[in-house]
Amino acid sequence: GERRRRMRVLELYSGIGGMHYALIESNLSYQVVAAVDINTTANQVYTHNFPNTALLNKTIEGITLEEFNKLSFDMILMSPPCQPFTRIGLQRDLDDPRTKSFLHIVDLLPRLSKAPLYILLENVKGFEKSAAREYLVKTLRECQYTVQEMMVSPTHVGIPNSRLRYYLMAKRSAQQKISAPSTGPAEDAPPAPHICPSQDKSHTCPCSTQLKATLEVQKKQIQNSDLSVQQIQAFLEPQEDVHEPQHLLPPKTLLRYAQLLDIVRPSCRRSWIIKHTFFLPLCDVQVEDVFPSLDQCSEEEKVQRLLDLKLRYFTPREVANLMGFPQSFTFPESVSTKQQYRLLGNSLNVVVVAKLLQLLVTPELQHKDGRPH
């Protein structure tokens, strides 16, 4: 049989290289022919980790059809900037200058001399309701792609971090015309939750804040008992490597956010990102014992009690671990801690994308009439 040629991949909005790491994790045979991003700090991190990949520091709309054709890629991976798509209800997303680059790609698709076989796009929840998504799907169908969309959170693949994201996978059906709509996810696909039409449930659910808080607590308890999700412990740095003072929460923050913090223990199986940072107590003081009685305390007592909890932020390395980045991933020394948090916050979950890539490509390799793969 002929040797399988490496898939040529174009990585758009490449950031710190989450998609590239997902390719590695997926075990597919690939070559990233170019990565494109305009964020100079993200680009420093990308080059630091992938010095041999061609990285174009330019706007996507600045790349001509001819340049795209020269790259001759089989797959596009992209995670377009989210801002325009998250303002639910506003149809401004197509007019937003940040959407320009995205529309440029969609418009070029039908004109490429060789349309890519696969496309995978990641975005925030809310993109599914956007005009940009509608335009993309319409174009893909016209170009003979089978399209599958799903909402996936890292918790679906056993990682204790709740971060629901929208994914679109498109596969070009070369010979057959698409007659039926695309089939559902394959057996081993993570469950795709239904995309709920309305985020604002206030009119149907007049439940009190108190009830909401109780439900939240129950939800967290359920998540913590879900044994298919790993404990956070598995993602933490050795205690002695975490320089305590720098990561502890200052009194001001403690007071301001005390009731809002999502506090997790090393034994928990869940975490959220709040402003790109996580919170975590290092000791096993009963958090539940401290909070109910806080209201009766004076300011000083409050601060002291909260300080006793020794709450700390996750370190950037731990955030990277929760997002599925391998140990080989590092930041150059020139990138500040604050920038590290921000860059990670804008990136994606490597393990989730790797699983989706396998799902997107693998069936293709199997039914090529008995050729080895």
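Residues numbered from 1 in each chain as written. Predicted model: local features only at pLDDT ≥ 70, side-chain atom pairs only at ≥ 80, totals over all residues. Heavy atoms only, no water.

Summing up its helical and strand segments, the chain has 14 helices and 9 strands in all. Among the 373 residues that make up the chain, the fraction classed as buried is 47%. Summarising the internal contacts of the chain: among those between residues at least 6 apart in sequence, 74% fall at separations of at least 24. (Helix = DSSP H or I, 4+ residues; strand = E, 2+ residues; numbered from the N terminus. Buried < 20%, exposed > 50% of the residue type's maximum accessible area, 1.4 Å probe, protein only. Contact = heavy atoms within 4.5 Å.)

Here strand β2 (residues 30-36) lies mainly inside the structure; 6 of its 7 residues are buried. The pairing of strand β1 (residues 7-12) with β2 spans 6 bridges and is parallel. Counterpart to R8 in the pairing with β2 is Q31. Following the chain from β1 across helix α1 (residues 18-26) to the adjacent parallel β2, one finds a crossover that is right-handed. As defined by bridge partners, β2 adjoins strand β3 (residues 55-56) across 2 bridges and the pair is classed as parallel. In the strand pairing of β3, V36 is matched with L56. The parallel pair β2 and β3 is bridged by helix α2 (residues 40-49), and the resulting crossover is right-handed. (Pairing = 2+ DSSP bridges. Right-handed = clockwise from strand over helix to strand, strands pointing away.)

In the structure shown here, the tally under the stated rule is 6 salt bridges. The residue K58 makes a salt bridge to E67 at a minimum N-O spacing of 3.4 Å. For K58, a relative accessible area of 31% translates into the label partly exposed. Among the ionic pairs, R133 bridges to E149, the shortest N-O distance being 2.7 Å. (Salt bridge = Lys/Arg side-chain N within 4 Å of Asp/Glu carboxyl O.)

It is worth spelling out the packing of aromatic side chains at this point. Enumeration according to the criterion identifies 9 aromatic pairs in this entry. With 4.7 Å between their ring centres and 45° between their planes, F325 and F329 make a pair best called tilted. The residues F325 and F329 share a single accessibility class, namely buried. Members of the aromatic cluster, joined through ring pairs, are Y21, Y46, F50, F325, F329 and F331. (Phe/Tyr/Trp six-rings, centres within 6.5 Å; stacked < 30°, edge-to-face > 60°.)

In terms of burial, strand β7 (residues 165-172) is a largely internal element, 6 of the 8 residues being buried. In the sheet, strand β5 (residues 118-124) pairs with β7 via 7 bridges, with the strands oriented antiparallel. Across the sheet, residue L121 finds its bridge partner in β7, namely L168. Summarising the sheet, strand β6 (residues 145-152) and β7 pair through 8 bridges and their orientation is antiparallel. Considered in β7, the bridge of Q148 is made with M169.

Formed by 58 residues in total, the largest nonpolar core has its most connected members in M75, L120, F325, F329, L344 and L357. Among the elements that take part in this core, helix α14 (residues 350-366) stands out by supplying 10 residues, more than any other. Counting contributing residues per domain, this core is built from domain 1 (7-175 + 349-361) and domain 2 (238-314), each supplying no fewer than three. I63, L109, L136 and Y166 belong to the second largest nonpolar core, which has 33 residues in total. (Core = buried A, V, L, I, M, F, W, Y, C linked by side-chain atoms within 4.5 Å. Domains from an automatic or database assignment.)

With that settled, the discussion passes to the side chain of T139. Within the element layout of this structure, T139 appears in helix α6 (residues 131-142). What makes T139 buried here is its relative accessible area of 7%. When near neighbours in sequence (up to four residues on either side) are disregarded, T139 contacts V106 and P110.

Our next topic: the sheet that holds β3. As summarised here, the arrangement of the 7 strands in space is β3-β2-β1-β4-β5-β7-β6, forming an open sheet in which the pairing is mixed. Strands with a single pairing partner mark the edges of an open sheet, and in this sheet they are β3 and β6. Pairing between β1 and strand β4 (residues 75-78): 4 bridges, direction parallel. Residue L10 lies in a different strand from β4, and its bridge partner there is I76. Relative to β2, α1 is tilted by about 175°, and along the sheet it contacts β1, β2, β4 and β5. (Axes fitted to C-alpha atoms, helices over the stretch in contact; angles between N-to-C directions.)

In terms of backbone geometry, most residues other than glycine have negative phi values and most peptide bonds are trans. Positive phi, normally seen in glycine, also occurs at N27, with a value near 65°. Relative to the helices and strands, N27 is located in the loop between α1 and β2. In this model, S72 sits at a positive phi of 40°, which is unusual for a non-glycine residue. Among the secondary structure elements, S72 is positioned in the loop between α3 (65-71) and β4. Overall, the relative accessible area of 29% leaves S72 in the partly exposed class.

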